[in-house]
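Structural characterization, general
Okay, here's what each chain looks like letter by letter:
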Amino acid sequence: MSLSFKPDATPRAELLHYCESDSQRAVIQALIDTDGNVSAAARKLGQRRGGFQQTVARVKALATVQGYAPDYDLNHAIPSPMVAKGHSTLYGADGEVKLQWVKTKLDDDRRLELIREAIAAMTDDVPRAPPLPAPGATADHLCNLYTLTDSHVGMLAWRKEGGADWDLNIAEQTLTGCFEQMVLSSPAATTCVVNQLGDWLHSDGLLPVTPTSGHVLDQDGRFSKMVGAAIRILRRVIDMALAKHQTVFVVMAEGNHDLASSVWLRLMFAALYESEPRVKVIDSELPYYVHLHGEVMLAFHHGHLKKNEALPLLFAAQYPREWGATTKRYAHCGHRHHEEVKEHSGMKVVQHSTLAARDAYAARGGWMSERQATAYTYHARWGQVGSVTVTPEMLV
């Protein structure tokens, strides 16, 4: 909808409620003080008429999103965190409004803000995990990277469609069993990174749909059951890592299936291990994460926002100091469910496979890949010096 300014239509005082900044409030207040005279109000603030009108139009657009636009017969504001999605109005022969339907949806930014506020309140009461005994002798120059990506905890897959079954119980057995095999088969490094690389949960809320496109998903059970299993698995794998390594760094990456859940997972596990000095959850509001091990840079991104070939330049620009302080650099991503390793100028990009089975969507689309997880070992100076690959079949 294109909004034009009508000086005598919208009650100007009401627009003050929809301003986002002090400068916008000053414009609307000047309009009120000059009784709607745009030229006089602009002169009062020392602004050009065109820029002044653009600010008014912006405020009116913000009001319209909240359901308030008397110029167009919208007179009832929508409560936060909802925003207007569209409206239909039925006019009578006399031109008066007879019926009106206003369609609403959740404001994604406000919803995320509310989730953060709720998590901050809840984490105050999360029982802190007590410190665990540290392991014995470990190699300071080594760091093990354990990656679990696209695990889709809560997904329901049927072997007759995709070749293998997947549900909450199978996911818990497979993920914890394969992680244990990676830990047992990797060297006794002083540090490690538990790299949960996104799409840990299959869906992001009570409805079994993807958060951005709304595609219906095959889901095993209630969302609360998914959350319980997801937390339980992550606690087990982090405790396994603590039993072998002096320091455990944790990545809780954002995925396209769990945009909001990645926020509460990161904050919850930071609170849970607050009393454990050997666990450090990497905190980043952006979906790009970095860990330095000596002269080695380890970078992480799920892969839903940037293609693999774009990652080296992105991380060089996003983390220039870390890039300049290192000589070996590796970016790790997932999202595409199959393995791919390619060297670029200054950085090797590793795309990881998934341990999860194929759901109906993947099977019908003809997408196939080896189900596996790979742990990499990095030397503080020499970079990658080893790897261990595990598969679900090894657990049988």
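The following refers to the structure shown. (Residues numbered from 1 in each chain as written. Predicted model: local features only at pLDDT ≥ 70, side-chain atom pairs only at ≥ 80, totals over all residues. Heavy atoms only, no water.)

**Remarks on the nonpolar core**
The criterion, for reference: Here, nonpolar core means buried Ala, Val, Leu, Ile, Met, Phe, Trp, Tyr and Cys residues that are tied together by side-chain atoms lying within 4.5 Å of each other. Exposure is judged per residue with a 1.4 Å probe applied to protein chains only, and the accessible area is read against the type maximum: over 50% gives exposed, under 20% gives buried, and values in between give partly exposed. We count a stretch as a helix when DSSP gives it H or I for four or more residues in a row; a strand needs E for two or more, and each element gets its number in order from the N terminus. A contact between two residues is defined here by any heavy atoms of the two lying within 4.5 Å.
Formed by 49 residues in total, the largest nonpolar core has its most connected members in L175, F179, W200 and F269. With 13 residues, the single largest contributor to this core is helix α8 (residues 223-244). Ignoring anything within four residues of it in the chain, the contact list for W200 reads L148, S151, H152, V153, L175, A230, I233, L234, D258 and L265. Core analysis: the second largest hydrophobic core is formed by 16 residues, C143, V193, V350 and Y376 among them.

**Looking at the sheet that holds strand β7 (residues 247-252)**
Here is the rule we go by: Strand pairing follows a simple DSSP-based rule, namely that at least 2 bridges must link the two strands. The axes used here are C-alpha line fits, helices contributing only the stretch in contact, and every angle between their N-to-C directions lies in the interval 0 to 180 degrees.
The strand order across the open sheet formed by six strands is β8-β7-β6-β5-β14-β15, and the pairing between neighbours is mixed. Every other strand in the sheet has two partners, leaving β8 (279-281) and β15 (383-390) as the edge strands with one partner each. For this sheet the average axis-to-axis angle between neighbouring strands, irrespective of direction, equals 20 degrees. Across three bridges, the pairing between β7 and β8 is parallel. Its bridge partner lying in β8, V248 is registered against V279. Of the strands in this sheet, β5 (139-148), β6 (189-196), β14 (373-379) and β15 touch helix α7 (residues 168-185), which is tilted by about 160 degrees from β5.

**Here's the deal with the packing of helix α2 (residues 22-33) against helix α4 (residues 49-65)**
The condition that has to hold: Oblique is the label for every angle not falling under 35 degrees (roughly parallel), over 145 degrees (roughly antiparallel), or within 65 to 115 degrees (roughly perpendicular). Following the grouping adopted for this structure description, the nonpolar residues are Ala, Val, Leu, Ile, Met, Phe, Trp, Tyr, Cys and Pro, the charged ones are Asp, Glu, Lys and Arg, and the polar ones are all others, Gly among them.
In contact at an axis separation of 10 Å, α2 and α4 are set at 105 degrees when each is read in the N-to-C sense. The pairing of α2 with α4 is recorded here as roughly perpendicular in orientation. Residues Q24, V27, I28, A30 and L31 of α2 form the contact with α4, whose participating residues are F52, T55, V56, R58, V59 and L62. Grouping the constituent residues of the contact of α2 with α4 by class yields eight nonpolar, two polar and one charged.

**A closer look at the pairing of β15**
Two faces, one strand: in a regular strand the side chains alternate between the faces of the sheet. Summarising the sheet, β14 and β15 pair through seven bridges and their orientation is antiparallel. By the bridge assignment for β15, Y376 is matched with S387. Connecting β14 to the antiparallel partner β15 that follows it, the hairpin turn spans three residues.

**Concerning the pattern of salt bridges**
Oppositely charged side chains are able to pair whenever their charged atoms sit close together. Going by this rule: Salt bridge, as used here, is a side-chain nitrogen of Lys or Arg placed within 4 Å of a carboxyl oxygen of Asp or Glu.
Inspection of every chain in the model, using the stated rule, returns nine salt bridges. Of the charged contacts, one joins R58 and E20 as a salt bridge, the two residues approaching to 3.2 Å between their closest N and O atoms. Here R58, found in helix α4, pairs with E20, found in the loop between α1 (12-15) and α2; they are 38 residues apart in sequence, far enough to count as distant. We note a salt bridge from E172 to R232, for which the minimum N-O separation is 2.8 Å. A residue pair is termed long-range when its members are at least 10 positions apart, and E172 in helix α7 and R232 in helix α8 qualify at 60 residues.

**Observations regarding the side chain of H245**
To be explicit about the condition: Within 3.5 Å is the distance limit for a polar contact, defined as a pair of N or O atoms, with the added protein rule that one can donate a hydrogen and the other accept it, and that residues adjacent in sequence qualify only through two side-chain atoms.
Within the secondary structure layout, H245 lies in the loop between α8 and β7. A polar side-chain atom of H245 sits 2.8 Å from a polar atom in the side chain of Y146. With sequence-adjacent residues up to four places away left out, H245 is seen in contact with P135, N144, Y146, P187, A189, T190, T191, C192 and R278.

**Brief notes about the environment of N144**
Residue position: N144 is located in strand β5. For the pair formed by N144 and Q384, sequence separation is 240 residues and the distance between their alpha carbons is 9.7 Å. A distance of 2.8 Å separates the side chain of N144 from the backbone oxygen of P187, its partner in a polar contact.

**Details of the packing of aromatic side chains**
The criterion, for reference: Pairing of aromatic rings covers Phe, Tyr and the six-membered ring of Trp, with a centre-to-centre limit of 6.5 Å; geometry is then stacked below 30 degrees between planes, edge-to-face above 60, and tilted otherwise. Charge-over-ring contacts are defined here by two conditions on Lys NZ or Arg CZ: a distance within 6 Å of the ring centre and an angle within 35 degrees of the ring normal.
Counted according to the given criterion, the structure contains seven aromatic pairs. For the ring pair F269 and Y273, a centre distance of 6.4 Å and an interplane angle of 20 degrees mean the geometry is stacked. According to the relative accessible area criterion, F269 is buried, its value standing at 0%. Here the aromatic residues Y288, F315 and Y319 are joined through ring pairs into a cluster of three or more. Residue placement shows R329 over the ring face of W323; its charged tip is 4.3 Å from the ring centre.

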